[in-house]
Amino acid sequence: MQIFPRQLNYLPLVLAVAAFTAGGAITFVFWFYFSPKNLQVGYAPEQPVPYSHRLHAGELGIDCRYCHANVEQSAYSMVPPTQTCMGCHAVVHPESARLAPVRESWATGDPIEWVRIHQLPDHSYFNHSAHLYGAKAVYEDGSEVRVAVGCTSCHGRIDQMEVVAIAEPIAMGWCLECHRNPGPNLRPVEEITNMAWEPDEEWVSHQEDHARAVNPPEHCNGCHR
Amino acid sequence: MAATAYIEELGEKSLLPPGTTFNDVTESVARVTETKAPRGWWMLFLPSVALLGVMVACIGYLLSMGVGVWGNNAPNYWAWDITNFVWWIGIGHAGTLISAILFLFRQNWRTSINRFAEAMTVFAVLCAGIFPALHTGRPWFDYYLFPIPNQMAIWPNFKSPLMWDVFAVSTYLTISVIFWFVGLIPDFATLRDRSKSLLRRRIYGFFALGWRSSHRHWQHYERAYLIFAAISTPLVLSVHSVVSFDFATSVIPGWHTTIFPPYFVAGAVFSGFALVLTLMLITRTVFGMENLITIKHLDLMNKFMLATGMMVGYAYAMEFYIAWYSGNPYESWVFMHNRLGFGMLDSDGNWGPLWWSYWAMVSCNVLAPQIFWFKKMRTNIPVMFIVTIFINIGMWFERFVIIVTSLYRDFIPGSWGPFEATWIDILLYMGTFGLFMTLFLLFIRWIPMIAIAEVKMTLPHAHPHPEDDHHQPAAAAVAPAE
């Protein structure tokens, strides 16, 4: 006596196909939609002042460190206080309506509430100076050069951004990619704020010397202290 | 199962009472799943479900509060959690030994108990898995333990024995479940064919995978069973060896010992047989299985416990010998002070405060089974019940002794620290009994708890007419027609 309809013979096949499809779909969702590339890159919140990095850093060519002072010597990259803005804007466009919040902050003493864009989780330790201060690489012929990571490597072409957005997936796998092979992201320490810097052939040929000089940590404790 | 009949010339006797028919076997096993549960079943089932609730509550509390609700703290980073893990994993080993190794050695007496023991293996491994999973502290990140490609670009550290554990235990669970299920197929078909309602027939029919008991089915089935027995056999030795590496590869005095793998395997089989027997004695009485699980089976299991108990006792003694022979003062300290509890007073003028756990272990594991030298005791049900309970307790203490009395006072007195279990430690351990017993009771209620087909093969009439012409040597057989 038959207790199951005949079509049930296809059940194993159907289940196998379903399992394969579902597995593939779940993998794709995690791999694509849950990736930091999808979740982080492009985050560009509206700021209280419509400040343009494209204008200041790009067209006017102000060095990053004019506002983010001492970034290569400190763990944190500071967000400039109102005083830094007013250093110029007391005389440049002093009446501009778009600068009203800056003048208000200047008058009241209340800081401008900039929205933070690049924020690492508390369990990861990051030090700007460790990346920017420069390490001494020694070539075979005995000549020395100080190498560091440029701003663009992590922050992208800030000088071309009207509104700053996250350019790279600031996530563990991405950090490790460079820590495991730092050579391609190192440049002369004098060029760290040069947004348009490109390595020449000679520089590329010394990548291994540069990587050896910085020797970034790859163990857990390097960042999770 | 290629079962051989007993050989009278060697003094072997039939395992089951003479005159047991195929129908008797089917009836007494299948009946359990077809009639109302006896009161004894409910009396065990309801408390078990309540205990399961306790376990769920404890896990919920632990997840909301963190692992700090356990007594684990520096220097006792491992305590009840790992003790319970090792204990439960060990319990499972009896099932694998009975189903795989005894099968390969053609020990027919296994047929009455293998299904039972295999089920216990599966349930015990499930209980065991809970502890390391929670022990990680943030169980929602347990997937880090598996080699899944991820966006953190990190990979499990395969140099760590804790990783070997993950693979040893998950392999063990997978193979045990498949092996158990393969053995069940013909019995599911028996239940399907006896079923009166369509639903029941469909459910058992689903699990029977279309079994029709044809020659070809049996041929494939027996080959598959043999292959799984061969795959499971190394697991009997490997799983607890790997568990012992968690300890043996470290440098803690009392752990750093080459004897650990065989010592752990013997202990696992020892404790597994004890729990199988404890539960079997209860089930046998509740469901009236005295004709299938005879005193002879129990006698053989007690011999096993006597043998493995002696092996464990040898390991205990050898640890002391090596502690002395190595000349390592830290090792001697752990054994003389932390374990035996004498020899040296600590700064407060006390003996090692956990000395009683060592002596509980020795009396339960080494002294108690000695009673099984006497056949009268091996065949006395109340005695063996009590001894198996002792062994279950003793083997838990063995793991506790190894873990806590090694950790709580090691090299530097400045880093010593006492261990005290919390209520959650105790309730969670009790709660895993709830999980185990609930699954186990559901198993004996709905799944044939004795391998019907295999038991039948050990009956004399499974080997038909031995005096018959068909079974004469080839020379005497009638030549085939041209």
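Remember, it's a predicted structure, so these values are computed and weren't measured experimentally.

A word on the overall build of chain A
Across its full length, chain A carries 12 helices and three strands. Here chain A has a C-alpha radius of gyration of 25 Å; the compact-globule value for 225 residues is 17 Å, and the former is much larger. When the backbone C-alpha atoms are referred to their principal axes, chain A occupies close to 95 × 60 × 35 Å. Classification of the 225 residues of chain A by burial places 16% in the buried group. Partitioning the contacts of chain A with sequence separation of at least 6, the portion at a separation of at least 24 is 72%.

Examining the overall build of chain B
Helix and strand counts for chain B stand at 15 helices and zero strands. Compactness check: chain B gives a C-alpha radius of gyration of 25 Å against a globular reference of 23 Å for 482 residues, within 12% of the reference. Principal axes of the C-alpha set define a box for chain B whose edges measure 90 × 50 × 50 Å. By residue count, 41% of the 482 residues in chain B fall in the buried class. Contacts in chain B between residues far apart in sequence, at least 24 positions, make up 80% of those at least 6 positions apart.

Details of the interface of chain A and chain B
Chain A puts nine residues into the contact, and the matching count from chain B is seven residues. No other element matches helix α9 (residues 172-180) of chain A, which puts four residues into the side of chain A that touches chain B. Residue composition of the side of chain A that touches chain B, by class: six nonpolar, two polar and one charged.

As for the nonpolar core
Judged by nonpolar contacts, the single largest core of 120 residues is most densely connected at Ile89, Phe116, Met120, Ala124, Phe270, Phe273 and Val276 of chain B. A per-element tally of this core places helix α8 (residues 260-287) of chain B first, with 16 residues. If you look at the next biggest cluster of nonpolar residues, it comprises 14 residues, including Cys64, Val145, Ala148 and Val149 of chain A.

Brief notes about the domain arrangement of chain A
By domain assignment, chain A separates into domain 1 (10-37) and domain 2 (43-79 + 114-225). Its C-alpha centre places domain 1 of chain A at a distance of 38 Å from the equivalent point of domain 2 of chain A.

Focus: unusual backbone geometry
Glycine aside, residues mostly have negative phi, and peptide bonds are mostly found in the trans state. The amide bond that connects Ala74 of chain B to the next residue, Pro75 of chain B, takes the cis arrangement and shows omega of 0°. Inspection of the secondary structure puts Pro75 of chain B in the loop between α2 (39-65) and α3 (80-104). For His93 of chain A, which is not glycine, the phi torsion reads 45° and is therefore positive.

Here we look at the sheet that holds strand β2 (residues 144-149) of chain A
Residues and elements named next belong to chain A. Across the sheet, which stays open at both edges, the three strands sit in the order β1-β2-β3 with antiparallel pairing between neighbours. Edge strands, defined here as strands with exactly one partner in the open sheet, are β1 (135-138) and β3 (186-188). When strand polarity is set aside, the average angle formed by the axes of neighbouring strands in this sheet is 50°. Looking at chain direction, β1 and β2 are connected through four bridges and run antiparallel. When the sheet's bridge partners are listed, Ala137 is paired in β2 with Val145.

What to know about the confidence of the model for chain B
Residue and element names in this part refer to chain B. Per-residue pLDDT for chain B has a mean of 87; in total, 91% of the residues score no lower than 70. Confidence over residues 469-482 falls short of pLDDT 50; this stretch has two contacts with residues more than four positions distant or in other chains. Confidence estimates for the predicted assembly give a pTM of 0.86 and an ipTM of 0.75.

Structural notes on the packing of α3 of chain B against helix α14 (residues 423-446) of chain B
Residues and elements named next belong to chain B. At a minimum axis separation of 10 Å, α3 and α14 run at an interaxial angle of 15°. The angle between α3 and α14 falls in the class roughly parallel. Like other packed secondary-structure pairs, α3 and α14 cross with a definite hand, here right-handed. Along its contact with α3, which presents Trp80, Asn84 and Trp88, the element α14 presents Asp425, Tyr429 and Thr432.

Looking at the pairing of β2 of chain A
Residue and element names in this part refer to chain A. Taking the residues between adjacent antiparallel strands as the criterion, β1 and β2 are bridged by five residues, where Gly142 takes a positive phi near 95°. Strand direction decides the pairing type here: β2 and β3, joined by three bridges, are antiparallel. Looking at β3, one finds that Val147 is bridged to Pro188.

Here's the deal with the environment of Arg98 of chain A
Residues and elements named next belong to chain A. Within the fold, Arg98 resides in the loop between α5 (82-89) and α6 (100-108). For Arg98, a count of 11 C-beta atoms within 10 Å gives the class exposed. Taking C-alpha positions, Arg98 is 9.8 Å from Pro48, a pair spaced 50 residues apart along the chain.

Things to note about the confidence of the model for chain A
Of all residues in chain A, 100% have pLDDT values of 70 or greater, and the mean over the chain is 92. The spread of mean pLDDT over the elements of chain A runs between helix α2 (residues 36-39) of chain A, the lowest at 88, and β3 of chain A, the highest at 95.

Side note on the environment of Pro413 of chain B
Counting through the fold element by element, Pro413 of chain B comes out in the loop between α13 (381-407) and α14. The spacing of Pro413 of chain B and Val239 of chain B is 174 residues in sequence and 34 Å in space, taken between C-alpha atoms.

A closer look at the packing of helix α7 (residues 215-248) of chain B against α8 of chain B
Residue and element names in this part refer to chain B. Two elements in contact, α7 and α8, have axes separated by 8 Å at closest approach and are oriented at 125°. Judged by the inter-axis angle, α7 sits oblique to α8. When you trace α7 past α8, the crossing you get is right-handed. Of the residues in α8, those in contact with Leu237, His240, Ser241, Val243, Ser244, Phe247 and Ala248 of α7 are Phe260, Pro261, Phe264, Val265 and Ala268. Partitioning the contact of α7 with α8 into residue classes produces nine nonpolar, three polar and no charged.

Topic: the environment of Ile82 of chain B
All names here are of chain B. Turning to its location among the elements, Ile82 is positioned in helix α3. The buried category is assigned to Ile82, around which 22 C-beta atoms lie within 10 Å. Once the C-alpha coordinates of Ile82 and His135 are considered, the two residues, 53 residues apart in sequence, prove to be 8.1 Å apart.

What counts as what
Residues numbered from 1 in each chain as written. Chains lettered and ligands numbered in written order. Predicted model: local features only at pLDDT ≥ 70, side-chain atom pairs only at ≥ 80, totals over all residues. Helix = DSSP H or I, 4+ residues; strand = E, 2+ residues; numbered from the N terminus. Rg over C-alpha atoms; globule rule 2.2 N^0.38 Å. Buried ≥ 20, exposed ≤ 12 C-beta atoms within 10 Å, placed from the backbone. Contact = placed C-beta atoms within 7 Å. Nonpolar A, V, L, I, M, F, W, Y, C, P; charged D, E, K, R; others polar. Core = buried A, V, L, I, M, F, W, Y, C linked by C-beta atoms within 7 Å. Domains from an automatic or database assignment. Pairing = 2+ DSSP bridges. Axes fitted to C-alpha atoms, helices over the stretch in contact; angles between N-to-C directions. pLDDT = per-residue confidence, 0-100. Parallel < 35°, antiparallel > 145°, perpendicular 65-115°, else oblique. Left-handed = near helix turned anticlockwise from the far one by under 90°.

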